[in-house]
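Observations on the model geometry
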Amino acid sequence: MADNTQEAALSEPLLIADHPALDLLNTEAGKGGQYVDFWGSWDDVARWLGRCGIDAGEAGDQAARDGLLRDARELRSIARELVERRKEGERGSPDRINRYLAAMQSAPVLEWGEDGPRLARRLPAPSPRQALGQVAESVAQLLATGQFEYVRQCEHPDCVLWFYDRTKSHRRRWCSMALCGNRHKAAEFRKRTRATA
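Fair warning: this is a prediction, and the values are worked out from it, not measured in the lab.

Looking at the overall build of the chain
- Each helix and strand in the chain was counted, giving seven helices and six strands.
- Tracing the chain from N to C terminus, the helices and strands come up as α-α-β-β-α-α-α-β-β-α-β-β-α.
- Here the chain, with 197 residues, has 37% of them falling under the buried criterion.
- Excluding contacts between residues fewer than 6 apart, the proportion of contacts in the chain whose partners are at least 24 apart in sequence is 56%.
- Of the roughly 12,000 Å² of accessible surface on the chain, 50% is carried by carbon and sulfur atoms.

Notes on helix H3 (residues 42–51)
- Inspection of H3 places Trp42, Asp44, Val45, Trp48 and Leu49 among the buried residues, and these make up the whole buried set. Down the axis of H3, the buried set is contained in an arc of 155 degrees. They therefore lie on one face.
- The positive-phi residue at the C-terminal boundary of H3 is Gly53, with phi of around 85 degrees.

Details of helix H6 (residues 128–145)
- In this model H6 runs 26 Å from its N-terminal to its C-terminal C-alpha over 18 residues, within 8% of the 26 Å that 1.5 Å per residue would give.
- When we look at burial in H6, the residues that qualify are Pro128, Gln130, Ala131, Leu132, Gly133, Val135, Ala136, Ser138, Val139, Leu142 and Leu143.
- Residues of H6 that are buried sit in contact with helix H2 (20–25), H3, helix H4 (62–87), helix H5 (95–101), strand S5 (151–153) and strand S6 (162–164).

Description of the nonpolar core
- Membership of the largest hydrophobic core comes to 35 residues, with the highest contact counts inside it found for Leu22, Trp42, Leu49, Val83, Leu142 and Val151.
- In terms of residue count, the dominant contributor to this core is H4 (eight residues).
- Apart from residues lying up to four places away in sequence, Trp42 is in contact with Leu49, Ala56, Ala59, Arg65, Leu68, Leu69, Ala72 and Pro128.
- Ile16, Phe38, Trp174 and Cys180 belong to the second-largest nonpolar core, a separate cluster that totals nine residues.

A look at the environment of Gly50
- When you line up the elements, Gly50 lands in helix H3.
- It is 9.7 Å that separates the C-alpha atoms of Gly50 and Ala131, two residues lying 81 residues apart in sequence.

What about the pattern of salt bridges?
- Tallying each qualifying case throughout the model produces 17 salt bridges.
- Close ionic contact of Arg85 with Glu90 constitutes a salt bridge, the shortest N to O distance being 3.4 Å.
- Residue class for Arg85 comes out partly exposed when judged on its relative accessible area of 30%.
- Of the charged contacts, one joins Arg118 and Glu111 as a salt bridge, the two residues approaching to 2.9 Å between their closest N and O atoms.
- Three or more residues joined by partner-sharing salt bridges are found here, namely Glu28, Asp37, Arg73, Arg76 and Arg80.

Details of the side chain of Asp44
- Secondary-structure assignment places Asp44 in helix H3.
- With a relative accessible area of 19%, Asp44 lands in the buried category.
- Setting aside residues up to four positions removed in sequence, Asp44 forms contacts with Phe38 and Trp39.

Basis of the calculations
Residues numbered from 1 in each chain as written. Predicted model: local features only at pLDDT ≥ 70, side-chain atom pairs only at ≥ 80, totals over all residues. Heavy atoms only, no water. Helix = DSSP H or I, 4+ residues; strand = E, 2+ residues; numbered from the N terminus. Buried < 20%, exposed > 50% of the residue type's maximum accessible area, 1.4 Å probe, protein only. Contact = heavy atoms within 4.5 Å. Areas by Shrake-Rupley, 256 points an atom, 1.4 Å probe, with all protein chains shown as cover. Arc of directions from axis to C-beta. Expected span 1.5 Å × (residues − 1). Core = buried A, V, L, I, M, F, W, Y, C linked by side-chain atoms within 4.5 Å. Salt bridge = Lys/Arg side-chain N within 4 Å of Asp/Glu carboxyl O.

In structure tokens:
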């Protein structure tokens, strides 16, 4: 893999999990000295939300932005705990995530399109709290309806990234074939080369 690809991978979190709740967990990566928290500021969170298609609206002054960063990191921590518990077949407490879900206030609205009328839900103007509520809803949806036999962590020993295996055969092993899959192949090739030398 080219060095510039590695640098790009470290500059912002990758959206490779095939589920927004797991992409949330992947905003922290690495282990020990290689640990990276991609959320150093509210702007980092807002940029990630935008990449996920969620409008975070305006955050306000620096104190509000700092509080929102703390809230985003707390939501991520709650999500990680609940996903890990669910993956282990244990029961988690929904109380803390429900606080974020409470921000998801919407109103029913009748829309009339070419196919006729349909009932939809409309959120009020975008806001940071509502954006975090949308992420919390994604986590809750995964916990409630996800097939957890397909929720996995990358098999590369140096990787902690999560993904939802949506492949037809459900045999996905790596967060990304271009990243960890290729690193594994290269390591196996080096082992074989050393063994034959």
